[in-house]
Structures are given as C-alpha cells and as structure tokens.
Amino acid sequence: MSVPLRRVVLVDDHDLFRAGVRAGLGKTVEVVGEAGSVADAVPLIKELDPDVVLLDVHLPDGGGQAVIVQVAPERPGVKFLALSVSDAAEDVIGVIRAGARGYVTKAISGAELTEAVHRTADGDAVFSPRLAGFVLDAFRSGDPVADPELDMLTAREREVLQLIARGYRYKEIASRLHLSPRTVESHVSAVLRKLQLSSRNELTRWAAERRLI
Amino acid sequence: MSVRSLGIQVALPRFERAERDRVVAGVCAGIAEALAVDATLVRLVFALLALASGAGIVAYVGAWALLPAPGAPPVTRKRRISGVVLLVWSAILTMRGLGLADSLVWPLALVAAGIVIAAGAHTFGLGDRRAQVVGLVLMVAGVVLFVDRNHGGGASTVLAPGAVAVALLLVVGPWAWRLTRERDAERAERVRTEERADLAARVHDSVLQTLTLIQKNPADARTLARRQERELRAWLYPDREPAAGGTLAGAVEAAAAEIEEVHGVRVEVVRTGDAPLDDRLQALVLAAREAMANAARHSGVDEVSVFLDVDADGNGVSLYVRDRGKGFDPEAVAADRRGLAESIRGRMERVGGIARIVSAPGEGTEVELEIGRRLDGARQGAEGSAPPAPERK
C-alpha cells in the first residue's frame, strides 16, 4: 500500500520538543513549517495549507483552541491533532470541541505519532487511552440528557472506547470485536462528533472553563 | 474621592507671599502672581470684602498666616490652622455681610469646616482617623443646626436622621472605600507572595533535587525523571492527583508508581470513576500490582497500560493490565509460577472476583480483573466475541 506524503505544520512553544517530534516522525510525514505561538501559527498555516497541524494545547498567547478558531473557517481542509503533556480534562476537551480531530500525549512514540498523523489526514479521529478515559467519564450515565443521539454513547461505542483505554490499537480492536477496521474508525469518529456537539454538562463545563482562561 | 482631592488642594503648595510689589505683607501680590492676575484686582477684592463687617481684613490675616515667605519652607502647623480658621471666619463674615440668614450661615460654616478638616488631615497634622471623627462631628453638628433652625418641631425629627446619614456617607464613605481597597490589595499581594514561595519551594524540593541526583548518577536518569514527572503532574493537575489514601484509584496509581520505581518501566494509568477502598478492592489492587510487576519483568517492553473502570454505582470494578510485549502461552506456564496462580488468580477468587489472562506468544499480554460485575448485558457483547480466552480455574 503506497502511503501518501503528509505535509505537517508543528505548533509548539518548545524548540526542543519540536526538534524531538521532527526527528521522531517517519518518512511519510514532512514537516513543512513550525511555529511557537498563536500569532505566528495562524498566518503560517493559512499560507502553507498543510494536511495536518500538530498543535500544542498550551501556547503562550492563547491556546491551541485560538489557532483552530482563527484558521478553521478559512482553511476547512486543514486537520488538527492536539498534542499535549496536559492531564487536565478541560484542556483536552476544550481543544477537541474547538475542532481538533483527536488528542495524543507527548509521550507517544514516533511511529504511533506518524500513524496518528495519517489517520488525522484521512479525516479519522485519534483517541489516546487517556482521551478515551475522559470521554467515558464525561458520558457516564446519570445525568439527564437533552438529546440521546448526541449525549449518549451506544454500547458499541462504549466497547470501542474501553478497548482504547485499555491500550488496544484500532486493528486489535477490530479483530477482537470482529469488525472491520473501517467500522472501528466510524465508531470513533461518531464519538468524536458527539464529543464536539453534545451538550452534556461535563463537556460544556470543561469547555467553558477553558474559554474563561 | 472628591473629598480626597480637596485635601491636596488645601495644602496650597504654589502660593507664596511676594517680595517685590508688596504694600503690606505681600499677600495680595503673592496671590496675584500665583493666579497670574493683576495685583490691583486682588487688592480690590480684599478691600471690598473689608466692607462686609471687616471680612477682607480677617481674610488678609488668614492668608498671611497660610502663605510662606518667599523661598521659606512651608508654614508651621499652628500657622496653617490659624490661617484656615481665619479664612473660615472671613467667609462667615462675608456671607452675613451679603445678608444671608444666620440659620444658613452657621450650619454651612460648620459643614465646610468639617469637610476641610476631614479631607485635609495632613494639613492639620491630625491622624487620618481623628480628622475623620472631628470632621464628621462638625458636619453632623452643622446639619443638625440647619435642620433645627429651619424647620419647626415635627419636620426636624424626619429630616435630621436623613441629613445625618448623608453627612456620615460623605465622610465615612471614601474612607471605608479606601480601607477596603487597601485591604484587598494587601491580601492579593500576600496570596501572590505565598504562591511564589510555594512554587519556589516546590521547584527546589523536586525539580532541582532531581536534576542534582541525575548529575550524580546518570544511570538512574530515567527512573528519576519519571518519578519527577509523576510528582509534578500530581501537583499541576490536582484532579488527576492520586486520590487520597482511601480510594481505589489512589491505590492503583500508587501501585503503578511503585512498579515504575522498582522496574524502570512506564505505567500509564487511565481511569474512569472511583470507589472507596475496602478489603475486596484491596485484594484487587494487590492482584493488579502483581500483574503490573509481571508485565514489567517478563514482557520485554517498557510500557504497561492500566485501565481502571468503576461502575457509576461504585460496585462493579474492572481493571486491565496490558503490555504489548512478547507474550506467552498461558497453558504452558508451569503450575508453580506463584505470580499468576496465587498472587493474581487466587487473590481474586478469594474475594469473589475473576482473573483472566489473555496472551499468546508475540502478541503481548492482558490481565483482566473483575469484581462485583455481572457478566451479562453490555459486557457480554465484548467478551462473547473475543477470541477464545484461555480460561483456567
């Protein structure tokens, strides 16, 4: 299978970390630009129009959210993948709700990050075990829901998320649940959509906290 | 606020008696100079005022007391006080000379004196608070006098309290406002200082110590760095902090931290929900710890994933320990491997739980521990379609 070359812009305020990511990414990913702040990132991304932006959640002049909000309306083709050391749910959920296609922790290996970039470029969602944990927490039953379509996970989606939280990769999940990898992808994408659009209390609370900062 | 700015003006900083062009004491010329008008005009005003029961003369003496000689330091406190008193007196004389009734003039004078004293505490060398009190008393006296003189009987009992309240507000208001602001600023500053000290202490105790240790003993860098990372995370993201002693999630995270320390691997704990720790769950934690230790020892990889899933009601608990290392054939494991047989499976069974080990050579290992969860409904879907898990009782 021939893998297309993905053009990536790296947005992180730590030079050292950017260098590490650049070195770790495989040959199928080309870093075409780098920025260390929201002010630098926004025009750069608009100019380069990359496939994927690897975006730090925390930036000195705003956050990853600010970049997404300013770029997305003009460059709908650009996909964002959040990359952070943060363990705080509100940081992560905030960026995802702003439009990022997924979230991975900075401890991720180069190979996994490369795979995540391709998945993001293909329009799929990328869930790290930690994000899966957050989502399962946020969608726990208990709260009354306004819109069952958006505010609840199906049993299948829950299973998929639990396996992600357990450290399974998509392929492993597919074989374990006897699904095609495509079906697993579509479940994860459905969860991402719910994460972005649901009005569940936990999600709106997290998002609101993030905006206030 | 307006009262406060008045206090600054009372100090009359720029007025000086004049040296040249003086007729008596240089007061008129000095004022004319400061106001940039013709001295004759000022003299004319004083002369006209003198016609009003001698107010101009009194004012002149007052101004002389207040204004320093050219180049001399500001006048003494006594002179300032007598100057202000004379000016107030002259104002009273003027108003009476203009035909205003005593019932208006005296209260007005009292209120004015009160405001001047309250606002110009520094001019009179009074303490802030004492000036406020004196000013307040004078103003209240003025208001009461006014009400008393101008309204017979009944009206005064209605008006007086309101007038007193207004006077109180005038004097106490700005003072209380300033006091509150000062206290808030002070508190904010204190909080900031404490935070900075806390941060410095934290950085010193943790990060600096770790860096020192790493320099001394580079071989331990990985373990030390990981421990440091864990501590900093717990501090930075308190909601992910290992829950205090008595909860399941806290115990699992502590066990994971311990395994990281001992075996130098990375144990990622993801959790949803939490429950108070009891004997049953204690056994689960110990079994999980053993599973993590096994993964660290035998898998050949340096990352272990742990997922703790607690039901919303806190009854059912599942815990998964997974590595993607070399794996093994569970059927072929010697029966005397205490780790699996006793520490994990035996422990779980004694408290009514289940332990499952899913592994195959080359495919990593997953240990699943469950307590208090009915094996039906939604979970059946996942388990039923799973590849035949090597179950062993």
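Treat the numbers as computed from the prediction; the structure is a model and nothing was measured.

Parameters at a glance
- Residues numbered from 1 in each chain as written.
- Chains lettered and ligands numbered in written order.
- Predicted model: local features only at pLDDT ≥ 70, side-chain atom pairs only at ≥ 80, totals over all residues.
- Heavy atoms only, no water.
- Helix = DSSP H or I, 4+ residues; strand = E, 2+ residues; numbered from the N terminus.
- Buried < 20%, exposed > 50% of the residue type's maximum accessible area, 1.4 Å probe, protein only.
- Areas by Shrake-Rupley, 256 points an atom, 1.4 Å probe, with all protein chains shown as cover.
- Contact = heavy atoms within 4.5 Å.
- Core = buried A, V, L, I, M, F, W, Y, C linked by side-chain atoms within 4.5 Å.
- Pairing = 2+ DSSP bridges.
- Axes fitted to C-alpha atoms, helices over the stretch in contact; angles between N-to-C directions.
- Salt bridge = Lys/Arg side-chain N within 4 Å of Asp/Glu carboxyl O.
- Parallel < 35°, antiparallel > 145°, perpendicular 65-115°, else oblique.
- Nonpolar A, V, L, I, M, F, W, Y, C, P; charged D, E, K, R; others polar.
- Left-handed = near helix turned anticlockwise from the far one by under 90°.
- Buried area = accessible area lost by both parts, 1.4 Å probe.
- Polar contact = N/O pair within 3.5 Å; in protein donor to acceptor, adjacent residues only side chain to side chain.
- Phe/Tyr/Trp six-rings, centres within 6.5 Å; stacked < 30°, edge-to-face > 60°.
- Lys NZ or Arg CZ within 6 Å of the ring centre and 35° of its normal.

J.: Can you walk me through the overall build of chain B in this structure?
T.: Secondary structure assignment for chain B yields 13 helices and five strands. Counting the 393 residues in chain B, one finds 39% classified as buried. A total accessible area of about 21,300 Å² is found for chain B, and carbon and sulfur atoms account for 61% of it.

J.: Please clarify how the overall build of chain A should be interpreted in this entry.
T.: In terms of regular secondary structure, chain A is built from eleven helices and eight strands. When burial is assessed residue by residue, chain A has 53% of its 213 residues classed as buried. When contacts within chain A are restricted to residue pairs at least 6 apart in sequence, those whose partners lie at least 24 apart make up 69%. Just so you have it, chain A exposes about 8,800 Å², and 54% of that area is on carbon and sulfur atoms.

J.: Please explain the nonpolar core as it appears in this structure.
T.: Nonpolar side chains tend toward joint burial in soluble globular proteins. Ranked by internal contacts, the top residues of the largest apolar core, which has 55 residues, are Ile45, Phe80 and Phe127 of chain A. Top contributing element to this core by residue count: helix H6 (residues 129-138) of chain A, with six residues. Those residues in contact with Phe127 of chain A that lie beyond four places of it in its chain are Tyr103, Ala132, Val135, Leu161, Ile164, Tyr170, Val188, Val191, Leu192 and Leu195 of chain A. Formed by 36 residues, the second largest nonpolar core is a distinct cluster that contains Leu248, Val265, Met292 and Val321 of chain B.

J.: What is the right way to read the sheet that holds strand S5 (residues 365-371) of chain B from this model?
T.: In any sheet, the strands associate via hydrogen bonds between backbone groups, in a parallel or an antiparallel arrangement. Residue and element names in this part refer to chain B. Strand order in the open sheet made by the five strands is S1-S2-S3-S5-S4, with mixed pairing throughout. Each edge of the open sheet is held by one strand with a lone partner, namely strand S1 (266-272) and strand S4 (354-359). Averaged over all adjacent pairs, the angle separating strand axes in this sheet is 15 degrees, with direction ignored. Two elements, S1 and strand S2 (residues 303-310), share seven bridges in a ladder whose sense is parallel. Each bridged residue has a counterpart across the sheet, and for Val269 the counterpart in S2 is Val306.

J.: Which parts of the structure should I look at to understand the environment of Leu224 of chain B?
T.: Residue and element names in this part refer to chain B. Examined against the element boundaries, Leu224 turns out to sit in helix H9 (residues 221-236). Judged by relative accessible area, Leu224 falls into the buried class, the value being 9%. Sequence separation between Leu224 and Glu261 is 37 residues; the distance between their C-alpha atoms is 8.2 Å. Leaving out residues up to four positions away in the same chain, Leu224 has contacts with Thr210, Leu213 and Ile214.

J.: I keep staring at the pattern of salt bridges and nothing clicks. Help me out?
T.: Oppositely charged side chains can form a pair if their charged atoms are brought close together. Enumeration over the complete set of coordinates arrives at 29 salt bridges over all chains. Note that Arg119 of chain A is salt-bridged to Glu115 of chain A, the shortest N-O span being 2.8 Å. One end of the pair, Arg119 of chain A, and the other, Glu115 of chain A, are both in helix H5 (residues 110-121), four residues apart, so they sit about a helical turn from each other. As a salt-bridge pair, Arg356 of chain B and Glu368 of chain B come within 2.6 Å of each other at their nearest N and O atoms. Separated by twelve residues along the polypeptide, Arg356 of chain B in strand S4 and Glu368 of chain B in strand S5 bring together distant segments of the chain. The exposure classification of Arg356 of chain B matches that of Glu368 of chain B, with both residues buried. A cluster of three or more residues bridged by salt bridges with shared partners is formed by Arg130 of chain A together with Arg226, Glu229, Glu260, Arg266 and Glu268 of chain B.

J.: Looking at this structure, I do not really get unusual backbone geometry. What am I missing?
T.: Most of the time, phi is negative for any residue but glycine, and the peptide bond is trans. All names here are of chain A. Non-glycine residue Asp49 carries a positive phi angle of around 50 degrees. The residue Asp49 is located in the loop between helix H2 (38-48) and strand S3 (52-56) in this model. Residues other than glycine seldom take positive phi values, yet His178 does so here, at roughly 55 degrees. Following the sequence through the fold, His178 ends up in the loop between helix H9 (170-177) and helix H10 (181-197). Among the residues examined, His178 registers a relative accessible area of 59% and is labelled exposed.

J.: What is the right way to look at the packing of helix H8 (residues 155-165) of chain A against H10 of chain A in this model?
T.: Between two packed helices, what matters for the description is the angle formed by their axes and the separation of those axes. Residues and elements named next belong to chain A. The interhelical angle for the contact between H8 and H10, taken along N-to-C directions, is 100 degrees, at an axis separation of 10 Å. When the axis of H8 is compared with that of H10, the two are roughly perpendicular. Counting all contacts with H8, which are made through Arg156, Glu157, Val160, Leu161 and Ile164, the residues of H10 involved are Val184, His187, Val188, Ala190, Val191 and Lys194. In the contact of H8 with H10, the residues fall into seven nonpolar, one polar and three charged.

J.: Honestly, the packing of H9 of chain B against helix H10 (residues 248-263) of chain B in this entry has me stumped. Any pointers?
T.: Residues and elements named next belong to chain B. Two numbers describe how H9 lies on H10: the axes approach to 9 Å, and their chain directions differ by 160 degrees. It follows that H9 is roughly antiparallel to H10 by the angle criterion. Considering the relative orientation of H9 and H10, their crossing is left-handed. Of the residues in H10, those touching H9 at Thr223, Arg226, Arg227 and Arg230 are Ala257, Glu260 and Glu261. Classifying every residue of the contact of H9 with H10 by side-chain character gives one nonpolar, one polar and five charged.

J.: Whenever I open this one, the interface of chain A and chain B confuses me. Can you help?
T.: Accessible area lost during the coming together of the parts is what is often quoted as the interface size. Taken together, the contact pairs 25 residues of chain A with 29 residues of chain B. Of the roughly 2,300 Å² buried at the junction of chain A and chain B (both faces included), carbon and sulfur atoms supply 44%. Per-residue buried area on chain A facing chain B is highest for Arg140, Arg166 and Arg176 of chain A; these three make up 28% of the total on that side. The interface formed by chain A and chain B includes seven salt bridges. Glu368 of chain B is paired through a salt bridge with Arg166 of chain A; the nearest N and O atoms lie 3.1 Å apart. Applying the counting rule to chain A against chain B returns ten residue pairs in polar contact (both at pLDDT 80 or more). Secondary structure elements with two or more residues in the side of chain A that touches chain B: helix H4 (89-98), H6, H8 and H9 of chain A.

J.: How should I be thinking about the environment of Leu203 of chain A in this particular structure?
T.: Topologically, Leu203 of chain A is positioned in helix H11 (residues 201-212). Distance in space between the C-alpha atoms of Leu203 of chain A and Val135 of chain A is 9.0 Å, their sequence separation being 68 residues.

J.: Hey, could you run me through the packing of aromatic side chains in this one?
T.: The description of two aromatic rings rests on the distance between their centres and on the angle between their planes. This structure, assessed with the given rule, holds one aromatic pair over all chains. Aromatic pair Phe307 of chain B and Tyr320 of chain B: ring centres 6.0 Å apart, planes at 15 degrees, arrangement stacked. Taken together, the positions of Phe307 of chain B in strand S2 and Tyr320 of chain B in strand S3 (residues 317-323) put the pair 13 residues apart, joining distant regions of the chain. Both residues of the pair, Phe307 of chain B and Tyr320 of chain B, count as buried. The cationic tip of Arg119 of chain A hangs over the ring face of Tyr170 of chain A; the distance from NZ or CZ to the ring centre is 3.8 Å. Over the aromatic face of Tyr168 of chain A sits the side chain of Arg322 of chain B, whose NZ or CZ is 3.9 Å from the ring centroid.

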